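Analysis of the macromolecular model
Chain by chain, the residues:
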Amino acid sequence: YATVNLVLTPQARTGLFLNGHYKLTDNVEAYLSVLSNRTSASFQLAPAVYGAIYGAVVSADSNYNPFGVEMSPATGDVFRARLSSLGNRAASNGIANNQISTGFRGSFDVWNDYQWNWEIGFDYGHVHNSTVTYGLPGLTMLNQATGPSFYDEQTGTVRCGTPDAPIEGCTPFNPFNLQDPNSVAALVE
């Protein structure tokens, strides 16, 4: 699976910096400072790993469990599999930092003995961070989908829950055959 991992992280950075001041009089000046920095980066890794060591639980009563024992971190009966039908794990990240500082500053004498410095200004900063991640399973949903399940003879399909208490809206997940149509459907939900 290492062949699909990116060796170098694609990234781009741009920045702008502006700093200046202008003397209005001998004792008063205007100033301005502007900073803008943008970074974007992304990564790609092999498909996610799903298994008991990551918190997954497969019920002993799952229609797909041929072993008849609960597989979970608590029981010590473990399994793991690459979720290749989800595709590679990937993420893109964008960060923008912007700041502006502007105002006036100066000085004046008091009774020709004391020099006072003053400043009045405005400062504004904003940071925006956005990350989008792909290829990770929803463990809560998958754990429900690997809970008890049964073959419904009326519909000819495997359903979540038990014959007495089916779970509506749940697509059963077969962790032992990731190409099973139900497994693919459960992963992309």
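Residues numbered from 1 in each chain as written. Predicted model: local features only at pLDDT ≥ 70, side-chain atom pairs only at ≥ 80, totals over all residues. Heavy atoms only, no water.

**A few points about the overall build of the chain**
- Secondary structure assignment for the chain yields two helices and nine strands.
- Ordered by position from the N terminus, the helices and strands of the chain form the series β-β-β-β-β-β-α-β-β-β-α.
- The C-alpha radius of gyration computed for the chain amounts to 30 Å, which surpasses the reference 16 Å derived for 189 residues by more than 25%, pointing to a less compact arrangement than a globule.
- If you line up the chain on its principal axes, its C-alpha atoms span 100 × 40 × 35 Å.
- Residues classed as buried in the chain amount to 28% of the 189 residues present.
- Once local pairs closer than 6 in sequence are excluded, the contacts in the chain between residues at least 24 apart make up 64%.
- Of the roughly 12,200 Å² of accessible surface on the chain, a fraction of 55% belongs to carbon and sulfur atoms.
- The distance from the centre of the 8 positive side-chain charges to the centre of the 15 negative ones in the chain is 12 Å. (Helix = DSSP H or I, 4+ residues; strand = E, 2+ residues; numbered from the N terminus. Rg over C-alpha atoms; globule rule 2.2 N^0.38 Å. Buried < 20%, exposed > 50% of the residue type's maximum accessible area, 1.4 Å probe, protein only. Contact = heavy atoms within 4.5 Å. Areas by Shrake-Rupley, 256 points an atom, 1.4 Å probe, with all protein chains shown as cover. Lys, Arg positive; Asp, Glu negative; His and termini not counted. Charge placed at Lys NZ, Arg CZ, Asp CG, Glu CD.)

**As for the sheet that holds strand E5 (residues 89-110)**
- On the basis of which strands lie adjacent, the open sheet formed by four strands has the order E1-E2-E5-E6 and antiparallel pairing. A single partner strand is all that each edge strand has here, and the edge strands are strand E1 (11-23) and strand E6 (114-134). For this sheet, the mean inter-axis angle between neighbouring strands, taken without regard to orientation, is 5 degrees.
- Bridge analysis of strand E2 (residues 28-45) against E5 gives 18 bridges, and the strand direction is antiparallel. Within E5, the position partnered with Val34 by the bridge is Ile100. (Pairing = 2+ DSSP bridges. Axes fitted to C-alpha atoms, helices over the stretch in contact; angles between N-to-C directions.)

**Focus on the nonpolar core**
- Within the largest apolar cluster, 16 residues are counted, with the highest numbers of intra-cluster contacts made by Tyr50, Phe79, Leu83, Leu142, Phe173, Leu178 and Leu187.
- Elements with a minimum of two residues in this core: helix H1 (139-145) and helix H2 (181-188).
- Those residues in contact with Phe79, other than ones at most four positions away along the chain, are Tyr50, Gly51, Ala52, Ala56, Val58, Met71, Pro175 and Phe176. (Core = buried A, V, L, I, M, F, W, Y, C linked by side-chain atoms within 4.5 Å.)

**Quick word on the sheet that holds strand E9 (residues 165-166)**
- With antiparallel pairing, the three strands of this open sheet are ordered in space as E7-E8-E9. Because the sheet does not close on itself, it has two edges, and the strands there are strand E7 (149-152) and E9.
- Inspection of the sheet shows E7 paired to strand E8 (residues 157-162) by four bridges, in the antiparallel sense. Of the residues in E8, the one forming a bridge with Phe150 is Arg159.

**So, H2**
- Within H2, burial applies to Ser183, Ala186 and Leu187. Here the buried residues of H2 occupy an arc of 100 degrees about the axis, which is enough to place them on one side. Exposed and facing more than 90 degrees away from the buried side of H2 are Pro181 and Val188.
- Tucked inside the fold, the buried residues of H2 contact H1. (Arc of directions from axis to C-beta.)

**A few points about the pattern of salt bridges**
- This model, assessed by the stated rule, comprises three salt bridges.
- For Glu29, the salt bridge is made with Arg105, and the minimal N-O distance between the two is 2.7 Å. Taken as a pair, Glu29 in strand E2 and Arg105 in strand E5 lie far apart in primary sequence, 76 residues in all.
- Between Arg159 and Glu168 there is a salt bridge, and its shortest N-O distance comes to 2.6 Å.
- On the basis of relative accessibility, which here comes to 21%, the residue Arg159 falls in the partly exposed class.
- What makes Glu168 exposed here is its relative accessible area of 62%.
- One network of salt bridges, with partners in common, ties together Asp152, Arg159 and Glu168. (Salt bridge = Lys/Arg side-chain N within 4 Å of Asp/Glu carboxyl O.)

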